[in-house]
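Structural overview
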Amino acid sequence: MLTKTEAQNLCQEALKRCGTNDAELILIAEDNALTRFANNTIHQNVAERNIKLTLRLLAGKRSGLATTNRTDEAALDELAAHALANAEASSEDPDFIGLAEPAEYAQVNAFDQSTAEYSPEHRASDVGAICRLAKEKELNASGAFSTGSSEIAIANTQGVFAYHAATQADFQTVVMSDDSSGRAHASDWQVSAIPVEALGKEALHKADSGRNPQNIEPGDYTVVLDPYVTYDLVQMLNTTGMGARSVLEGRSWMNDRMGKEAMSPRVTIWDDGTDPNGLPLPFDFEGVPKQKVEIVTAGIIKGPVYDRSTAHQSKVASTGHALPPEFYMYTPRAVNLFMAPGDSSVAEMISSTKRGLYITRFWYTRPVHPRDAIITGMTRDGVFMIENGELTFPVKNLRFTQSYVHALAEVSAVSQDTRLQLSEFGNIAVRVPALKIKSFNFTGSTV
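As a starting point, this report considers the structure included with it. Values in this document were obtained by computation on a predicted structure and should not be read as measured data.

So, the overall build of the protein chain
Check the secondary structure of the protein chain and you find 10 helices and 20 strands. Taking 22 Å as the expected radius of gyration for a compact globule of 447 residues, we find that the protein chain reaches 23 Å, a close match to that expectation. Over its C-alpha atoms, taken along the principal directions, the protein chain stretches across nearly 75 × 55 × 35 Å. Classification of the 447 residues of the protein chain by burial places 54% in the buried group. In the protein chain, the proportion of contacts linking residues at least 24 apart, taken out of those at least 6 apart, comes to 72%. Within the structure as shown, the protein chain displays about 19600 Å² of accessible surface, and the carbon and sulfur contribution to it stands at 47%.

Written out as structure tokens, the structure is:
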């Protein structure tokens, strides 16, 4: 780990090599480790330490990017030279609005020393307990358990310097039989907040209960959705239109819905990079302080998140949602999402359902029509029939093509408990509850 002072000094050493040109530097230092297991056996432990510097240098309205993971003087010289060469070879951007100005940032604690120091032996002990339980039940457990720390610093020639240190832990497992599977997943910045053994037992129970699944007729069903499914609902809404660029280009599900009640009054979604109940980062990758953004409030569509470019086009202030420049095609993006909890539970949702489905995960979901957030995908890792308030038998996986906006308009209950999950590439954190939806359409079985 660097210190804040060391990170600032390194940023300044890189920026001073840009001469009279304006420039912006992103420093990301990571120290991560992962224990991977399959077939009820730990088969890999890996660790990586890296420092990545990304320099954006401006030559008038031309900009050039260069990246290195070396920090010696020669490497910094090369970084600036490559960024300048790339800027000179680039076309002018007539809409470029310059670099961010200095600002005040919220101080958010997201660093836990025990998580940063969590050893391979600790991870192996946690994972080993799950592997033994799976073997006893003649099931097959696989998954991964990662822990680590990171530092992010943003600096520019206008005087911006922002720094944040954080830790991160993520555990996920899939347990399988010959004809069933179960999954569990949780993330946090404190490893002590992840109940690894309980998550393993959750996946084991789903896999064990899901043996010998049966076909059912396609059609509309009341559904009780685990937080893993709610995660997919919120993430796909994010993908298809929570950013201002998609709204400005007219391809967001928010278009023609802002200010209207398009979802159930039980649905409230927001983004907040300063909330310690997520994985906080108090500034974006332009050095702009993150603002809490109400995206959906009591079913009413409020608005998207902004970076500086889209905010300038919309004549509003940036909400602090710029991604690193190499991800320019996805920016701005909500990366600290929350859905408000309710007052129910999964057990109560099931017991109040006369006939429906309890679904534990959506998988392989892809956008079909972003303007209505129409998504196609399938279920996975446990589907169960509900009859007269009880789970009666496991169901074979089902396909669907459904508007997630329309689905969230049908929410009739929300759980009190929530689950924090990281996206596949670890850059988006989503904390969500379980949901009950009155009607969800399935087009058929996957087999």
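We are not done yet, so read on.
Points about the nonpolar core
Soluble, globular proteins show a tendency: their nonpolar side chains are buried together. The biggest cluster of nonpolar side chains holds 52 residues, and the ones touching the most others in it are L237, M242, W253, L357 and Y404. In this structure Y404 touches D232, L233, M236, L237, F362, T365, D372, A373, I375 and F440, once residues within four positions along its chain are discounted.

Description of the side chain of T365
Tracing the backbone shows T365 in strand β13 (residues 362–369). Judged by relative accessible area, T365 falls into the buried class, the value being 8%. A polar side-chain atom of T365 sits 2.8 Å from a polar atom in the side chain of D232. What T365 contacts, discounting residues up to four positions off in sequence, is D232, M236, I375, T376, G377, F400 and Y404.

Topic: the pattern of salt bridges
Here the structure, examined in full by the defined rule, presents 21 salt bridges. Here E202 and K206 are joined by a salt bridge, their closest N and O atoms 2.9 Å apart. Of this pair, E202 and K206 both sit in helix α5 (residues 196–209), four residues apart, which is roughly one turn of that helix. Between K292 and E294 there is a salt bridge, with the nearest N and O atoms lying 3.8 Å from each other. With relative accessibility at 48%, the residue K292 sits in the partly exposed group.

Basis of the calculations
Residues numbered from 1 in each chain as written. Predicted model: local features only at pLDDT ≥ 70, side-chain atom pairs only at ≥ 80, totals over all residues. Heavy atoms only, no water. Helix = DSSP H or I, 4+ residues; strand = E, 2+ residues; numbered from the N terminus. Rg over C-alpha atoms; globule rule 2.2 N^0.38 Å. Buried < 20%, exposed > 50% of the residue type's maximum accessible area, 1.4 Å probe, protein only. Contact = heavy atoms within 4.5 Å. Areas by Shrake-Rupley, 256 points an atom, 1.4 Å probe, with all protein chains shown as cover. Core = buried A, V, L, I, M, F, W, Y, C linked by side-chain atoms within 4.5 Å. Polar contact = N/O pair within 3.5 Å; in protein donor to acceptor, adjacent residues only side chain to side chain. Salt bridge = Lys/Arg side-chain N within 4 Å of Asp/Glu carboxyl O.

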